[in-house]
Amino acid sequence: PNQPEGVLKYMYCAVDVNHQLPNVPYEVLDELYILEETNVVVEPTEDDEEDFEEGNKSVQTSYWETLEMKAKEIVGAEVSYNKSKWRPQGDVYYHDTSLNKDIPLEGVPVRCRKNIFVTHQCCTNEKGHFSFDRLRGRVDYYIRWRRDNFKIREHSGVNVAETNLKRNTKSSVTYIVTHGTRAWECASIFRAAHFYYYKAQNYGASTPSKNSLTIRPSAKSTTNNGCYGRRVLGSDVHIYCLNLQSAKIFCTTIHEIGHSVHNFWNTQKYSDYDDKMRDTWAGGIAWYLTEKVYNLSYFEEHLHYGIPPRYTGLIKDLMDDYDYKTPYDNVSGFTMPQIENAFRKNTTWESLKTYLKTLKVAKDEDIDKVFAYWN
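Residues numbered from 1 in each chain as written. Predicted model: local features only at pLDDT ≥ 70, side-chain atom pairs only at ≥ 80, totals over all residues. Heavy atoms only, no water.

Q: Would you take a moment to explain the overall build of the protein for this structure?
A: Along the backbone of the protein there are 10 helices and 12 strands. Per-residue burial over the protein gives 46% buried out of 375 residues. (Helix = DSSP H or I, 4+ residues; strand = E, 2+ residues; numbered from the N terminus. Buried < 20%, exposed > 50% of the residue type's maximum accessible area, 1.4 Å probe, protein only.)

What follows is the structure, given as structure tokens:
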């Protein structure tokens with residue numbers, strides 16, 4: 001606890017005996033035997049003797065359970081004398097302030113901790129439901145706001161944000177992430193990041209690079225909604241608009257992740273792109289993916305229409321049938337894969353225009369008009 005901000009603390013973990021540890025200093029504190037609940041029986045019965053008669057459970061398994069129970073007694077840990085199994089499960093919902101209703105929270109990694117060494121994890125499905133294998137004893141349910149490719153940090157410090165759902169229980173849980181809580185801020189950001197990383201490919205957009213993006217809910221800012229920038233010990237993305245509605249936080253998060261995508265497209269030479277290219281791409285992918293979730297028109301405000309030269313609606317104009325801001329509707333027809341390739345291969349506004357003309361989707365003079373409009 002006395003370590004200064006930004007300095008990693010000592011980490012403790014239990015690993016398999018043959019696990020190859022990374023090249024870091026470590027010390028083996030003790031050798032453990034941990035009974036894996038999933039390796040035990042199929043279905044619980046009221047009487048353990050019936051398990052033996054039916055052949056569902058081995059004498060060896062029973063022996064190890066007894067040994068584990070006695071070991072807990074010796075060290076004063078909680079002992080569960082009720083050997084019947086139960087299934088930890090539950091549902092997680094998020095209060096969407098734009099839709100004004102509770103919706104299932106998909107893809108969230110829920111953890112089920114039995115003791116300091118045994119933790120199981122699974123992700124909620126599209127209905128917000130999660131379920132674990134049967135086990136014995138009480139558990140703690142909690143969410144750790146991270147997936148393989150991104151994580152959400154606490155407001156301060158380097159720890160991954162966590163939310164406790166229910167402690168020391170032998171029952172299922174229904175949890176609603178309510179507005180005005182830190183969990184709500186994390187969930188608002190998580191939804192957008194999860195959508196970009198795990199759903200965007202369904203709509204023709206590529207999955208972001210596996211770059212271990214770190215996102216931090218930050219203090220309110222009067223100047224912008226979020227920011228992106230590579231850091232050594234810190235966060236890549238800061239989201240400031242946490243006092244706004246769900247849809248705007250969703251859109252802003254997509255926008256900032258879009259910047260990180262742009263960076264990794266060009267082998268992390270983000271400075272090669274001019275400001276207009278960077279914000280045109282981020283604003284365009286934010287509009288494109290947010291519209292798949294929310295049927296709202298607020299993206300005009302998000303894209304800063306009328307604030308040239310950085311923020312443009314070029315991508316929307318190239319893909320959509322009509323934009324009331326522009327006096328033409330004959331440039332549409334470009335697809336997201338085509339748009340992505342164009343931004344991958346070009347770092348300047350003029351080279352982007354030239355490349356799009358080679359695709360022969362629209363007339364050259366019409367492409368010139370839409371680029372001139374956003375100049």
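Q: It is not clear to me how the sheet that holds strand S11 (residues 226–228) should be interpreted in this structure. Could you clarify?
A: Backbone hydrogen bonds are what pair the strands of a sheet, in a parallel or an antiparallel way. What the four strands build is an open sheet, ordered S7-S10-S12-S11; its pairing is mixed. Each end of this open sheet is capped by a strand with a single partner; those strands are strand S7 (150–152) and S11. Taking each pair of neighbouring strands and ignoring which way they run, the sheet shows an average axis angle of 15°. Where strand S10 (residues 213–217) meets strand S12 (residues 237–239), three bridges bridge the pair, whose relative direction is parallel. Counted as the bridge partner of Ile 215 is Val 237 from S12. Sitting on the sheet, helix H3 (residues 182–198) touches S7, S10 and S12, and the angle it makes with S7 is about 175°. Against the sheet, helix H4 (residues 246–265) touches S10, S11 and S12, its axis set at about 10° to S11. (Pairing = 2+ DSSP bridges. Axes fitted to C-alpha atoms, helices over the stretch in contact; angles between N-to-C directions. Contact = heavy atoms within 4.5 Å.)

Q: Explanation requested: the packing of aromatic side chains in the structure shown.
A: Both the distance between ring centres and the angle between the ring planes are used here to describe each pair of aromatic rings. Applying the stated rule across the entire model yields 13 aromatic pairs. With 5.9 Å between their ring centres and 65° between their planes, Phe 130 and Phe 132 make a pair best called edge-to-face. Take Phe 130 and Phe 132: they sit in the same class, and that class is buried. Aromatic side chains Phe 130 and Tyr 141 sit 5.7 Å apart centroid to centroid with 65° between the ring planes, which places their arrangement in the edge-to-face category. Taken together, the residues span a long stretch of sequence, with Phe 130 in strand S5 (residues 129–131) and Tyr 141 in strand S6 (residues 139–144) at a distance of 11 residues. (Phe/Tyr/Trp six-rings, centres within 6.5 Å; stacked < 30°, edge-to-face > 60°.)

Q: Explain the confidence of the model for the protein here, please?
A: When pLDDT drops low, the exact placement of atoms in the prediction is not to be read closely. For the protein, mean pLDDT is 82; residues scoring 70 or higher make up 79% of the total. For the stretch residues 38–57, pLDDT sits under 50, and the model shows 29 contacts to residues farther than four places along the chain or on other chains. (pLDDT = per-residue confidence, 0-100.)

Q: What is the right way to read helix H10 (residues 364–373) from this model?
A: Think of an α-helix as turning once every 3.6 residues; residues three or four places apart then point the same way. Among all positions in H10, only Asp 366, Ile 367, Val 370 and Phe 371 are buried. Viewed end-on, H10 has its buried residues packed into an arc of 135°, placing them on one side of the element. Lining the buried residues of H10 we find helix H7 (314–319) and helix H9 (349–358). (Arc of directions from axis to C-beta.)

Q: Sorry, what's going on with the pattern of salt bridges here?
A: A side chain of one charge can pair with a side chain of the opposite charge when the charged atoms of the two come close. Counting across every chain of the model gives nine salt bridges. By sharing partners, the salt bridges in this structure join Glu 350, Lys 353, Lys 357 and Asp 368 into a single network. (Salt bridge = Lys/Arg side-chain N within 4 Å of Asp/Glu carboxyl O.)

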